[in-house]
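# Commentary on secondary and tertiary structure
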Amino acid sequence: MIRVVHYINQFFGQIGGEEKAGTTPGIVEGAVGPGMLIDRLLVERGRVLATIICGDNYFSENPEHVAAEILPLIEAYTPDLFIAGPAFNAGRYGIACGEMCKCVKEKLGIPAVTGMFPENPAVGLYRRHVYIIETAHTAVGMAKAMPKIIDLGWKLLHHERPGTPREAGYLPRGIKETVAADTLASERAIALLLRKMRGESIETEIPFPELDLVAPAPPIADLKGATIALVTEGGLVPKENPDSIESARATRWGKYSVDELRELGCQRFSSIHRGFDTTYINEDCNRLLPVDVLSDMERRGLFKGIHPFFFVTTGVATTIDNARNIGKGIAAELSDAGVSGAIVAAT
Amino acid sequence: MKLEINYYDVKEVRFGAATAFSEGILLINKGELIRLLSGDPRIVCEDIAFAHPGERVRISNVLDITEARIKENDDHYYPGMLGPIYRAGEGRTRVLRCAAVLEIGAMQGFYGGLIDMAGNGAQLTPFSKTINICLLTRPAPGVALADYGHALKRAGLAASVYLAKAARGITPDDVEIFDLPRPTKDLSALPRVAYLFQLHSHGESREPFVYGENSRRYYPTILHPNEVLDGAIVCGHYNISTSIRNNTYTILNHPVVLGLYRRHGREVDFRGVVISPEPTSLTEITRTSMMAAGLMKNVLGADGVIITKEGGGHTDVDLMENCNACERLGIKTVLIDNEWLGSDGAGEFPLLASSPRADAMVSVGNVDAVVKLSAMDRVIGGERLSDFGTSLAGEMTIPLRFIPNGISQAGFTYLTTEDR
Amino acid sequence: MLEKEIERVGIPAVLITALIPTAKMLHANRIVPGIAITNPLGDPKVSLAEEKTLREKIVVSALDLLTKEPGEAAD
C-alpha cells in the first residue's frame, strides 16, 4: 500500500476562489477534491494519506520559503509518493506545484509528479527538475491527466524506467540521454538536407533554448522632456468592456483615457482579469496603474507628461503568440505616438 | 577522375612466417613488421597484437586508426605523407576491408582512446566490428612529443601500406567505382548538394595533414570527393581528445562523402567537397567562412550543403559562421555536431555557439555522457590511459569521449541524444 | 512579454511585477518588484497614505530604470 501525500491550491481544496488565494498552508487527513480521483485510481495499491492545501498567492510570492514551511507537514506522513496539482495552465498554481515537487524530491528523496499545460510559465522553471505530465489547459483534462500522473509516479517509485516523454506523457525535461538511432548520423543528415531543400517541414536534433532576448532599448536621455505611457496586462477596462477584451487568453487589447482613469477611477473602470482576485484593484485602480503618483510627478515637472491613453490586455494564460501580437500592436502605437518610455504593470 | 577500389575482406588475422593474404586470412610476419617500424630512431615498436570482434579484449591508448591500403600499381599510399606527392582519387586502390590498423602509443600529452571488442562498450564504436591490428609503440628515450607524433604517424601509415601489399595479385571480393561523370546524363532535376569539411587547425599535433601539409596552411579549397576517400587527408592530431578528431579510417570511409556519392545521379547531384581550416581568431573565421561559402555558391553551384566540424567548443563558432555564410547566399545547410550537456545530460546550452539559421542539426551525442563498460579478460596497449586516472582492467565507467567514434563529428556513428 | 515588444521597437519599458522569477526567465530587461499579485502597486493592509508612499517608491524606481541601461544599480 503506497503512501501518497497530495498538494492542491485553495480552489481545488474547496476553500474558495481568488479571494482565498492568500490562504496559508494547512494539512487535512485523507484526500480532498482531485485527491479522491487518486484514491479511486490507486484502488488497493495505495491511498492519499493527507492533502496540503495552500493559497496560490501565498505560495507564489515566496516559493522557496513556503515550500520549506510545508515540507515538515509532508515529512510527518512518511509518504512514498508526492503528487501536486495538476495545475493545468494556472501560472501561480504551477509555481507552487513545481516548487513543492522539486523540494520534496530533493529533500525527502521520494518521487514527485505534477501536471501542467505546456504553456504554463512554471514549465520553463521546473521541467528540468521535476516530471510534469502534459495536461489540457483547464480541469476538463483532469480525468485524462491523473492516471498518467499516477502511472509515472508508480514507475519512479519502483525504479522502473519512466519511458520517453511521448510514451509516458510528460513534458520533455531538457535532459538528454545517449541512445543508438537506427541510421547513421551522416544518413540522417543527408535525409534532413533533402527534406529541407524540398521545403518540407523539418525537425532539428539540437534545438536551442528559446531565449528570445531583446536588446534593452536605449535609456531616456532627458526625463524632464519625456512622455511616459502606462501599459498593463491586468485587464483594467471600462465597466462595459467596450472592446470585449477576453478575461483569459486575451487576443485583443484596448486603449482608454488616462484622464478618465484619473478622474473617475473605479467608478468607471474595473478589472476583468480572471486569473487573480481583482478586489483590491477594483477598490483603487492606482494599485495597478499608478496614475495618482504619476500625475503628482508630472505636476512637479519630473517628466513632461503621461501619454493620454493607457493600454490594456489580459495576461492570464495568453499564449506566447497572442502575447507577441498584442505586444507588437501596443508597441507600434507607442512608437507612432513618440512615447519616450513605458511602465508595464503586471499582476 | 575515376577511382576503382578493390576490397579484400579480412576474416582472420594470424602471425605467420611470411606476410600474406589468402582466402580472407591475413598472415603477418611479426618480426619483419616490427623491424620496419623500428627503423625510425624516434620510435620503438614493442609488439604487434590483434583483437578480433567478440573477443573479451580492451584496447587502450588508441591514437590514430587507419586502414590497410595501397595503390595498385605502386608501393605507395597517403601522398605527401609517406612518399611522393601525387593526386589521390584516381586509378586503382587496394583495401583490406573489415580490418583496421591501430596506432597504440602512450605519452603525456597524447589523448588515447579505448575500444572494447565485446560487452557494453562494443556497441559504442564501429571498431568493435573490425579486426584490429595494434602497433604497440613507445617513444625512443629523450624524444619530444611532436617528434614521437610524427614518427608514430609514419609508422601507422607504413604498417598499413605494408599489410595491403600482401593482397597483390589476388582477385578482390568486391569492387566499387567512384566516378562523378560530366553531365552526359541530365542531372539538372536533381538537388545540387556539396559537403563542407571543417578541419581542426589549432597547432602542431592538433591538426590533420592534407597531402602531407598541416591543415592550418590551407585556405578553404575544393577537393574532389575521391581525394578524400583515397588518402589525401590523414589524421595527425594526437594532442586533442579522441572524440574531437576524425581518425584516418573515418576519413577514408567518410560517411557523408560516401552517402552523397552513392546517391549521385539518382537522388542528388553531388557537386564536391570544400575543406576549410578552423582558425583561431574571429577575423580569420569570418574570412574562411566567407570564402568557403563563396566556393560553394559560385564555383560548385551547391544549393544544399552538409557541414561537419572537428574540435572542441570553439569550433562551434566556425560551424555557425559557415552556416550563416552559406544560408545568407541562399544555400540550405544541415549541420552535424556533438552536444556538451554535462554527465547528467541536463546542460541548458547544447553548443557553445548558436544561430537562428541553424535550424537543421543532427546530433552525434553528448560528449560528456558517461558509459559503463563490461569487464574484459585482456587489455592491449597498457593498463592506464595517459589522461584517465582509473585502472583499465575490469568493469568500469568512462566518459564517452574516450571511445573512438563513440562521438564522431564526421557522422560515423549511430549514437545520438534523446529527450527524457 | 509586453515590455519586450515595446523594447523591441526601441522604447525603454520597465516591468513592475511581483513574480520576479517568471520575469527573469522570460528575460525582461528592466524589472521592478511589485508588492503582490493582487496589488502590484498598493498594499491594502496599510493606510492610504502609506500606500501612496509605497507606490511612489516603486514608481521612482521604475522611472529611474527607464533612464539607465539595465544592469546599472538602481534600488
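Residues numbered from 1 in each chain as written. Chains lettered and ligands numbered in written order. Predicted model: local features only at pLDDT ≥ 70, side-chain atom pairs only at ≥ 80, totals over all residues. Heavy atoms only, no water.

### Observations regarding a nonpolar patch on the surface
Residue and element names in this part refer to chain B. Rules: Nonpolar side chains (Val, Leu, Ile, Met, Phe, Trp, Tyr) are joined into patches within 5 Å and like charges within 9 Å, using only residues with over 30% relative accessible area and no salt bridge. Method for areas: the Shrake-Rupley scheme with a 1.4 Å probe, in which residue coverage is limited to the protein chains shown. We define a salt bridge as a contact between a side-chain nitrogen of Lys or Arg and a carboxyl oxygen of Asp or Glu at a distance within 4 Å. Helix numbering and strand numbering both begin at the N terminus, where a helix is a DSSP run of H or I of at least 4 residues and a strand a DSSP run of E of at least 2. To sort residues, take the accessible area from a 1.4 Å probe on protein chains only and compare it with the maximum for the residue type: under 20% means buried, over 50% means exposed, and anything in between is partly exposed.
Together, Tyr 219, Met 290 and Met 291 make up a nonpolar patch on the protein surface, roughly 320 Å² of accessible area in all. By the secondary structure assignment, Met 291 is in helix 6 (residues 282-299). Residue classification places Met 291 among the partly exposed residues on the basis of a relative accessible area of 32%.

### Comments concerning the pattern of salt bridges
Oppositely charged side chains are able to pair whenever their charged atoms sit close together. Residue and element names in this part refer to chain A. Enumeration over the complete set of coordinates arrives at 50 salt bridges over all chains. A salt bridge links Arg 188 to Glu 205; its shortest N-O distance comes to 2.8 Å. Of this pair, Arg 188 sits in helix 8 (residues 185-197) while Glu 205 sits in the loop between helix 8 and strand 8 (227-232); the two residues are 17 residues apart in sequence, bridging distant segments of the chain. Since its relative accessible area comes to 13%, Arg 188 is described here as buried.

### Describing the packing of helix 3 (residues 63-75) of chain A against helix 4 (residues 91-108) of chain A
Residues and elements named next belong to chain A. Which entries qualify depends on this criterion: Interaxial angle, 0 to 180 degrees, is taken between N-to-C directions of lines fitted to C-alpha atoms, where a helix line uses only the stretch in contact. Note on terminology: angles under 35 degrees are roughly parallel, angles over 145 are roughly antiparallel, angles of 65 to 115 are roughly perpendicular, and the others are oblique. Crossing handedness is defined as follows: a turn of the near helix away from the far one that is anticlockwise and smaller than a right angle gives a left-handed crossing, while the clockwise case is right-handed. By definition in these notes, contact holds between two residues if any of their heavy atoms fall within 4.5 Å. Three classes are used: nonpolar for Ala, Val, Leu, Ile, Met, Phe, Trp, Tyr, Cys and Pro, charged for Asp, Glu, Lys and Arg, and polar for all others, with Gly counted as polar.
Orientation of helix 3 relative to helix 4, taken along the N-to-C sense of each, is 55°, at an axis distance of 9 Å. Taken together, the axes of helix 3 and helix 4 lie oblique to each other. Considering only the axes of helix 3 and helix 4, their crossing is right-handed. Here helix 3 contributes Pro 63, Glu 64, Ala 67, Ile 70, Leu 71, Ile 74 and Glu 75 to the contact with helix 4, which in turn contributes Ile 95, Glu 99, Met 100, Cys 103, Val 104, Lys 107 and Leu 108. Of the residues in the contact of helix 3 with helix 4, the class split is 10 nonpolar, no polar and four charged.

### Points about the interface of chain B and chain A
To keep it simple, the criterion reads: Once two parts are brought into contact, the accessible area they lose, counted with a 1.4 Å probe and summed over both, makes up the buried area. Under this definition, polar contacts are N or O atom pairs within 3.5 Å; protein pairs additionally need one hydrogen-donor-capable and one acceptor-capable atom, and for neighbouring residues in sequence, both atoms have to be side-chain atoms.
Contacts between chain B and chain A engage 56 residues on the former and 38 residues on the latter. Carbon and sulfur atoms make up 66% of the surface buried where chain B meets chain A, a total of about 3900 Å² over both sides. Summed over the three residues of chain B that lose the most area to chain A, namely Tyr 414, Asp 419 and Arg 420 of chain B, the buried surface amounts to 22% of that side. Residue Lys 176 of chain A is joined to Glu 339 of chain B by a salt bridge in which the shortest nitrogen-to-oxygen separation is 3.5 Å. At the junction of chain B and chain A, the tally comes to 19 residue pairs in polar contact (both at pLDDT 80 or more). When residues of the side of chain B that touches chain A are traced back to their parent elements, those giving at least two are strand 11 (192-200), helix 5 (255-263), strand 17 (304-308), helix 7 (314-328), strand 18 (332-339), strand 19 (361-366) and strand 23 (415-419) of chain B.

### Side note on the domain arrangement of chain A
The following threshold applies: These domain boundaries are the output of an automatic or database domain assignment.
Here the domain parsing of chain A yields domain 1 (2-168) and domain 2 (223-345). Distance from the C-alpha centre of domain 1 of chain A to the C-alpha centre of domain 2 of chain A: 35 Å.

### So, the sheet that holds strand 3 (residues 46-54) of chain A
All names here are of chain A. Worth spelling out the cut-off: Pairing between strands requires that DSSP locate at least two bridges from one strand to the other.
As summarised here, the arrangement of the six strands in space is 2-3-1-4-5-6, forming an open sheet in which the pairing is mixed. At either end of the open sheet lies a strand with only one pairing partner, and these are strand 2 (26-29) and strand 6 (131-134). Across the sheet, the mean angle from the axis of one strand to that of its neighbour is 25°, orientation sign disregarded. Where strand 2 lies against strand 3, four bridges are found, and the strand directions are antiparallel. Residue pairing across strands places Glu 29 opposite Ala 50, the latter belonging to strand 3. Packed on one face of the sheet, helix 3 meets strand 1 (2-9), strand 2, strand 3 and strand 4 (81-88) and runs near 150° to strand 3.

### Examining the side chain of Asn 324 of chain B
All names here are of chain B. Looking at the element boundaries, Asn 324 is found in helix 7. The class for Asn 324 is buried, based on a relative accessible area of 12%. Those residues in contact with Asn 324 that sit more than four places away from it in its chain are Ser 355 and Arg 357.

### Topic: the sheet that holds strand 12 (residues 209-210) of chain B
All names here are of chain B. In spatial order, the strands read 13-12-15; together these three strands make up an open sheet with antiparallel pairing. The strands lining the two open edges of the sheet, one partner per strand, are strand 13 (213-214) and strand 15 (233-234). Of the strand pairs in this sheet, strand 12 and strand 13 are connected by two bridges, and their pairing is antiparallel. By the bridge assignment, Phe 209 is partnered in strand 13 with Asn 214.

### Digging into the arrangement of the chains
Counting contacts across all two pairs of chains that touch, the top-ranked interface belongs to chains A and C. Separating chain B from chain C is a minimum C-alpha gap of 13 Å, and the two share no contact.

### Brief notes about helix 6 of chain B
Helical geometry note: an α-helix holds 3.6 residues per turn, so side chains three or four residues apart project in the same direction. Residues and elements named next belong to chain B. Spelled out, the test is: By this rule, a helix spans an expected 1.5 Å times one less than how many residues it contains.
A rise of 1.5 Å per residue sets the reference length of helix 6, with its 18 residues, at 26 Å; its end C-alpha atoms lie 25 Å apart and thus fit the reference within 8%. The complete set of buried residues in helix 6 reads Ile 285, Thr 288, Ser 289, Ala 292, Ala 293, Gly 294, Leu 295 and Met 296. Contacts made by the buried residues of helix 6 are with strand 11, strand 14 (221-223), strand 16 (269-278), strand 17 and helix 7. Phi turns positive, to about 65°, at Gly 301, one or two residues after helix 6.

### Digging into the environment of Gly 235 of chain A
Tracing the backbone shows Gly 235 of chain A in the loop between strand 8 and strand 9 (236-238). Between the C-alpha atom of Gly 235 of chain A and that of Pro 290 of chain A, which follows or precedes it by 55 residues, the distance is 15 Å.

### Considerations on the environment of Val 175 of chain B
All names here are of chain B. Assignment of secondary structure puts Val 175 in strand 10 (residues 174-179). Classification of Val 175 by relative accessible area gives partly exposed; the value is 43%. When the C-alpha atoms of Val 175 and Ala 346 are compared, they prove to be 46 Å apart, with 171 residues separating the residues in sequence. If sequence neighbours within four positions are ignored, Val 175 has contacts with Glu 4, Ile 5 and Asn 6.

### A look at the pairing of strand 13 (residues 309-312) of chain A
Every other side chain in a regular strand lies on the same face of the sheet, so the side chains alternate between the two faces. All names here are of chain A. Examined bridge by bridge, strand 8 and strand 13 share two bridges and lie parallel to one another. Note that in strand 13 the partner of Val 231 across the bridge is Phe 311. The sheet contact formed by strand 10 (residues 254-257) and strand 13 spans four bridges and is antiparallel. Considered in strand 13, the bridge of Gly 254 is made with Val 312.

### Some thoughts on the nonpolar core
Residues and elements named next belong to chain A. Stated precisely, the cut-off is as follows: Buried Ala, Val, Leu, Ile, Met, Phe, Trp, Tyr and Cys residues form a nonpolar core when they are joined through side-chain atoms within 4.5 Å.
Tyr 7, Phe 82 and Ile 343 are the most contacted members of the largest nonpolar core, which has 99 residues in total. Per element, the largest residue contribution to this core is eight residues, and it comes from helix 4. Of the domains in this structure, domain 1 (2-168) and domain 2 (223-345) are the two that each give at least three residues to this core. Among residues more than four places away in sequence, those in contact with Tyr 7 are Ile 52, Cys 54, Phe 59, Ile 70, Phe 82, Ile 83, Ala 84, Gly 85, Tyr 93, Ala 96, Cys 97 and Met 100.

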